[in-house]
Amino acid sequence: MNKNLTLYPWLKLCQNLAFWQATWFLYFQQELSAAQAILLYVIYDIATTVLEVPSGYMSDRLGRRLTLICAAIALFAGAALITVGNSFAIFAGGQILLGAASAFRSGTDTSLLYESLTAEGREDEVEAHELRAWRFGFSALALSAVTGGALALWSGALPFAAGAIAAAVLLAVTLQLKEPPHKLRAPERFDDLRTLRANFANPTLLWLFALSLLMYVFSHIPFVFGQPFIAEAMATSGLRAEAPLVSGTVSASMMVLSVLVSLIALRIRKRIGLPAILLIAFAMQITLVASLALSGSILVIGLLLLRMIPNSLSQPFIQARIQPLLEDSTRATYLSLQSLTGRLIFAATLLLASGSASTSANLSFDQIHTIAGWYALAGLTAFTLLALTARRAKLE
């Protein structure tokens, strides 16, 4: 299992070489329309949603390694298809494959890490390993964002081509992993369902489940609407053509900031406690979405640099707190259900947003302000409820 622990940060690095992350919306709306660009993200989320629980069950029953191999293959195929695509149907097919890749690795990679540590009697090191993997992953996101932004100046398809190459490297790394031992009961009828139902009766897991799905939604709002916001802000200065490079640079910078914050995240968590650091992280996300709703100033682009800091202050600690409360036989299934719920909610809200989006090439400031404003109001309501119930959740 030591080999898994050595390879895991590199697995996360290769998984996060998403060269298209800062330019995909600009590319899709350039080739199609703003409304279709939003719909393509909805298609990605629906594909992930449909496969979330089946892939989690596959991981629990057939193994972590096999499931991660499937993820790498789907990632390669999806990026390659979008590289050569020239229509909504082909782009949609690529998005479905990218969604499948996300579903296959969701919950499986972190389960492999925890079970590898447990096999070595080192499960108390999970927070440190999650944070280390987080740094590798976000360093990759930073590198690929700025590189992808530069590539997009030549062609919007080039970042996807680079992503296909990265996926091939990911497959090579994944093939070197070893299957960790994990406890599997003989599958009696409804046993797994009873275990999952018991998880949702646990106040700690229930509170963290709600927070996780909300933070997923609010992390992805700037991901979807940040790119058209940057394009519109740059247009006011006559620099719309430079939007892909600016978007890539912003994405790279936000990842670097997230890595830097992760270096002190554990210290902050120990000083103020788990509930406080998680609520602060969620409040930061809501504030960023509110800024997209309230202003069209180019200065708001600077606030987008903060987008991934809440994740570095929350995700490793959420994973570390959840893992010991789950059983091996349903671990990946539970984590997949958590991811599925967040994606369903976000996809539903994006479908509503696409109905008010422009059918022309660009999403306007007015439309971005309206959409972000509704999200911000919902976020404030959710934050209040979480803050009121945090003590009852017994997070520490």
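Heads up: the structure comes first, above all this text.
Residues numbered from 1 in each chain as written. Predicted model: local features only at pLDDT ≥ 70, side-chain atom pairs only at ≥ 80, totals over all residues. Heavy atoms only, no water.

**Points about the overall build of the protein**
1) Next: Scanning the protein from N- to C-terminus turns up 17 helices and zero strands.
2) Next: For the protein, the C-alpha radius of gyration of 20 Å lies close to 21 Å, the compact-globule estimate for 396 residues.
3) Next: Each of the three principal axes of the protein carries a C-alpha extent, and together these read 60 × 45 × 40 Å.
4) Next: Out of the 396 residues belonging to the protein, those deemed buried represent 58%.
5) Next: Contacts spanning at least 24 positions in sequence make up 86% of the contacts within the protein whose residues lie at least 6 apart.
6) Next: Side-chain charges of the protein comprise 27 positive and 22 negative groups, with the mean position of each set lying 5 Å from the other. (Helix = DSSP H or I, 4+ residues; strand = E, 2+ residues; numbered from the N terminus. Rg over C-alpha atoms; globule rule 2.2 N^0.38 Å. Buried < 20%, exposed > 50% of the residue type's maximum accessible area, 1.4 Å probe, protein only. Contact = heavy atoms within 4.5 Å. Lys, Arg positive; Asp, Glu negative; His and termini not counted. Charge placed at Lys NZ, Arg CZ, Asp CG, Glu CD.)

**What about the packing of helix α1 (residues 2-15) against helix α8 (residues 158-174)?**
1) Next: The geometry of α1 relative to α8 is characterised by a closest axis approach of 9 Å and an angle of 160° between their N-to-C directions. By the criterion of interaxial angle, the relationship of α1 to α8 is roughly antiparallel. The handedness of the crossing between α1 and α8 comes out as left-handed. Each of Leu7, Leu11, Cys14 and Gln15 in α1 lies in contact with α8, whose residues at this interface are Val169, Leu170, Val173 and Thr174.
2) Next: Among the residues forming the contact of α1 with α8, the class breakdown is six nonpolar, two polar and no charged. (Axes fitted to C-alpha atoms, helices over the stretch in contact; angles between N-to-C directions. Parallel < 35°, antiparallel > 145°, perpendicular 65-115°, else oblique. Left-handed = near helix turned anticlockwise from the far one by under 90°. Nonpolar A, V, L, I, M, F, W, Y, C, P; charged D, E, K, R; others polar.)

**What about unusual backbone geometry?**
1) Next: Notably, Lys394 is not glycine yet its phi reads approximately 55°, a positive angle.
2) Next: When you line up the elements, Lys394 lands in the segment after α17 (365-389).
3) Next: Overall, the relative accessible area of 60% leaves Lys394 in the exposed class.

**So, the packing of helix α6 (residues 108-119) against helix α7 (residues 126-152)**
1) Next: One way to put it is that α6 packs onto α7 with a least axis distance of 11 Å and a crossing angle of 140°. When the interaxial angle is binned, α6 and α7 end up oblique. Seen along the crossing, α6 lies across α7 with a hand that is right-handed. Contacts from Thr110, Leu113, Tyr114 and Leu117 of α6 reach α7 at Val126, His129 and Glu130.
2) Next: In the contact of α6 with α7, the residues fall into four nonpolar, two polar and one charged.

**Focus: the environment of Ala332**
1) Next: The topology assignment puts Ala332 in helix α16 (residues 331-356).
2) Next: Ala332 sits in the buried class, given a relative accessible area of 0%.
3) Next: Separated by 33 residues in sequence, Ala332 and Leu299 have C-alpha atoms that sit 41 Å apart.

**Re the pattern of salt bridges**
1) Next: This structure, assessed with the given rule, holds four salt bridges.
2) Next: Of the charged contacts in the structure, one is a salt bridge between Asp60 and Arg64, with a shortest N-O distance of 2.8 Å. Of the two residues examined, Asp60 and Arg64, each falls in the buried class.
3) Next: Overlapping salt bridges bring together Asp60, Arg64 and Glu115 as one network. (Salt bridge = Lys/Arg side-chain N within 4 Å of Asp/Glu carboxyl O.)

**A short note on the nonpolar core**
1) Next: Grouped together as the largest cluster of nonpolar side chains are 115 residues, with contacts concentrated most on Trp207 and Tyr375.
2) Next: In terms of residue count, helix α10 (residues 203-235) provides more of this core than any other element does, 19 residues in total.
3) Next: What Tyr375 contacts, discounting residues up to four positions off in sequence, is Val217, Phe218, Ile221, Phe225, Val289, Phe346, Thr349 and Leu350.
4) Next: If you look at the next biggest cluster of nonpolar residues, it comprises five residues, including Leu17, Phe19, Ala140 and Ala162. (Core = buried A, V, L, I, M, F, W, Y, C linked by side-chain atoms within 4.5 Å.)

**Some remarks on the packing of aromatic side chains**
Geometrically, a pair of aromatic rings is defined through the distance of the ring centres and the angle of the planes.
1) Next: Scanning the model with the defined rule gives 18 aromatic pairs in all.
2) Next: Ring geometry for Tyr41 against Tyr44: centres 5.5 Å apart, planes inclined by 40°, an arrangement best described as tilted. Linking Tyr41 with Tyr44, this pair stays in helix α3 (residues 34-62), spanning three residues, or about one helical turn.
3) Next: By relative accessible area, Tyr41 is classed as buried at 3%. (Phe/Tyr/Trp six-rings, centres within 6.5 Å; stacked < 30°, edge-to-face > 60°.)

**Notes on the side chain of Ser312**
1) Next: By the element assignment, Ser312 lies in helix α14 (residues 309-312).
2) Next: Look at Ser312 and you get buried, because its relative accessible area is 0%.
3) Next: Side-chain polar atoms of Ser312 contact the backbone oxygen of Ile309, separated by 2.8 Å.
4) Next: Excluding residues within four positions of it along the chain, Ser312 makes contact with Trp134, Ser258, Val261, Ser262, Ala265 and Phe317. (Polar contact = N/O pair within 3.5 Å; in protein donor to acceptor, adjacent residues only side chain to side chain.)

**Looking at α1**
1) Next: With 14 residues, α1 ought to run about 20 Å at 1.5 Å a step, and its terminal C-alpha atoms sit 20 Å apart, in line with that.
2) Next: Those residues of α1 not exposed but buried are Asn4, Leu5, Leu7, Tyr8, Pro9, Leu11, Lys12, Cys14 and Gln15.
3) Next: The inward-facing, buried residues of α1 abut α4 (64-84), α5 (88-105), α6, α7 and α8. (Expected span 1.5 Å × (residues − 1).)

**Section: a nonpolar patch on the surface**
1) Next: A contiguous nonpolar surface patch, about 330 Å² in accessible area, is contributed by Val256, Leu260, Leu263 and Ile264.
2) Next: Its place among the elements puts Val256 in helix α11 (residues 243-272). (Patch = residues over 30% accessible without salt bridge, like charges linked within 9 Å, V, L, I, M, F, W, Y side chains within 5 Å. Areas by Shrake-Rupley, 256 points an atom, 1.4 Å probe, with all protein chains shown as cover.)

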